[in-house]
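Results of the structural survey
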Amino acid sequence: MHGTPRLVGDVMTRTVVALGRTATFKDIVKAMRQWKVSALPVVEEENRVVGVVSEADLLRKEEYRDGDHDRRARLERLSDLVKAGAVTAEELMTAPAVTVGAGATLGQAARTMARSGVKRLPVVSDDGALLGIVSRSDLLKVFLRDDEDIAEEVRDEIVAHLFPAPPEPASPEPASPEPASPEPASPEPAPPESAPPEPASPASAPPKRRGPESREPVRVEVHDGVVRLTGRIPDTSLVPVVTRLVRGVEGVVDVECALAGPPRRPDLDPDLPADDAAHGMRGAGSLS
């Protein structure tokens, strides 16, 4: 549905492997290898997430295996040393777990991943129960959206609201014909009527003036997720607004905005500075 952002619950993986607090080191390694994942959530009663064990947590054991660290380095990284000696999920896990709700937007999930430096997030309910897992690759699915689908949303949800088409002038209704009065019966045929007058030539009609509302329609083109906007708009101060709104449409990779203001006419536009008009006149005179 246009205008409705996709949520984490729309893209998350619902089949999730989770660990109990007592899961052993080797069991954790086997589970990661079997399911081809780099981290696993740790749950307790009622499936509530209490932590996450990642490959980085497991590698502490290998990192400190040879003991080639001075005393100062060991004191500075005491928590890493503790994990190096851990053998269960409860001892290895990072807690509390960084999680995200199923109702969060994809942008919110991406920012949470970036701030926390993680690749996967457990998705939880309001009471902390595990619902699924969302990964970086899940968040990137939005960029598989069809170009025409993106263009349609930009036209319908943004352009149509910011730059509505001017109303068409109402055409005059034709006058209803008056009822014909009865003619007296006559045995003689009626004389031929004179030829109807020639219709007025189009040149005699007053020229149609282009008012300030006249403008080219805003055209929307999308190629490989890049949206290009062209045309004329009455107020160029809206260019940053439309650019920001289009950039927020899901699946948009970039925005190229080539919107221009209405054409300037020095003889008809009182807002045009007098210096500009004078400069144009001086330029013309210098050619003589």
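Structure: see above.
Residues numbered from 1 in each chain as written. Predicted model: local features only at pLDDT ≥ 70, side-chain atom pairs only at ≥ 80, totals over all residues. Heavy atoms only, no water.

1. Considerations on the overall build of the protein chain
The criterion, for reference: In this description a helix means any DSSP run of H or I spanning at least four residues, a strand means any run of E spanning at least two, and both kinds are numbered starting from the N terminus. Only protein chains enter the accessibility calculation, which uses a 1.4 Å probe; a residue is then buried when its area is under 20% of its type maximum, exposed when over 50%, and partly exposed in between. Should any heavy atoms of two residues lie within 4.5 Å, those residues are considered in contact. Surface exposure here means Shrake-Rupley accessible area, sampled with a 1.4 Å probe, where a residue is shielded only by the protein chains that are shown.
Along its length, the protein chain carries 11 helices and eight strands. In the protein chain, which comprises 288 residues, the share counted as buried stands at 28%. Of the contacts formed within the protein chain by residues at least 6 apart in sequence, a portion of 60% connects residues at least 24 apart. Accessible area for the protein chain stands at about 20,200 Å²; split by element, carbon and sulfur atoms hold 55% of it.

2. Description of the nonpolar core
Side chains of nonpolar character tend, in soluble globular proteins, to be buried together. Put simply, the test is: What makes a nonpolar core is a set of buried Ala, Val, Leu, Ile, Met, Phe, Trp, Tyr and Cys residues whose side-chain atoms join them at distances within 4.5 Å.
Counting residues in hydrophobic clusters, the biggest one holds 18 residues, and the most contacted among them are V154, V220, V227, L229 and V246. Contributions of two or more residues to this core are made by α9 (147-162), β6 (219-223), β7 (226-232), α10 (239-247) and β8 (254-260). With five residues, the single largest contributor to this core is α9. Residues contacting V220, with those up to four places away along its chain left out, are A151, V154, R155, V159, V227, R228 and L229.

3. Quick look at a nonpolar patch on the surface
Note the following rule: Here a patch means residues that are over 30% exposed by relative accessible area and free of salt bridges, tied together within 9 Å if like-charged and within 5 Å if nonpolar (Val, Leu, Ile, Met, Phe, Trp, Tyr). One speaks of a salt bridge when a side-chain nitrogen belonging to Lys or Arg is within 4 Å of a carboxyl oxygen belonging to Asp or Glu.
On the surface, L140, F143 and V253 cluster together to form a nonpolar patch covering roughly 300 Å² of accessible area. Tracing the chain through its elements places L140 in the loop between α8 (136-139) and α9.

4. Let's talk about unusual backbone geometry
The step from A95 to P96 runs through a cis peptide bond, and the omega angle for that step is -5 degrees. Within the fold, P96 resides in the loop between α6 (89-92) and β3 (100-101). Phi at K36 is positive, roughly 55 degrees, even though this residue is not glycine. Checked against the element boundaries, K36 lands in the loop between α2 (25-35) and β1 (39-43). Of note, the phi angle at N47 is positive, near 65 degrees, even though the residue is not glycine. Looking at the element boundaries, N47 is found in the loop between β1 and β2 (49-54). What makes N47 partly exposed here is its relative accessible area of 35%.

5. Observations regarding the pattern of salt bridges
Summed over all chains, the structure comprises 10 salt bridges. Measuring nitrogen to oxygen at the nearest pair gives 3.2 Å for the salt bridge that ties E148 to R155. According to the relative accessible area criterion, E148 is partly exposed, its value standing at 46%. In this structure, a network of salt bridges that share partners links the residues R21, E44, E46, R48 and E90.

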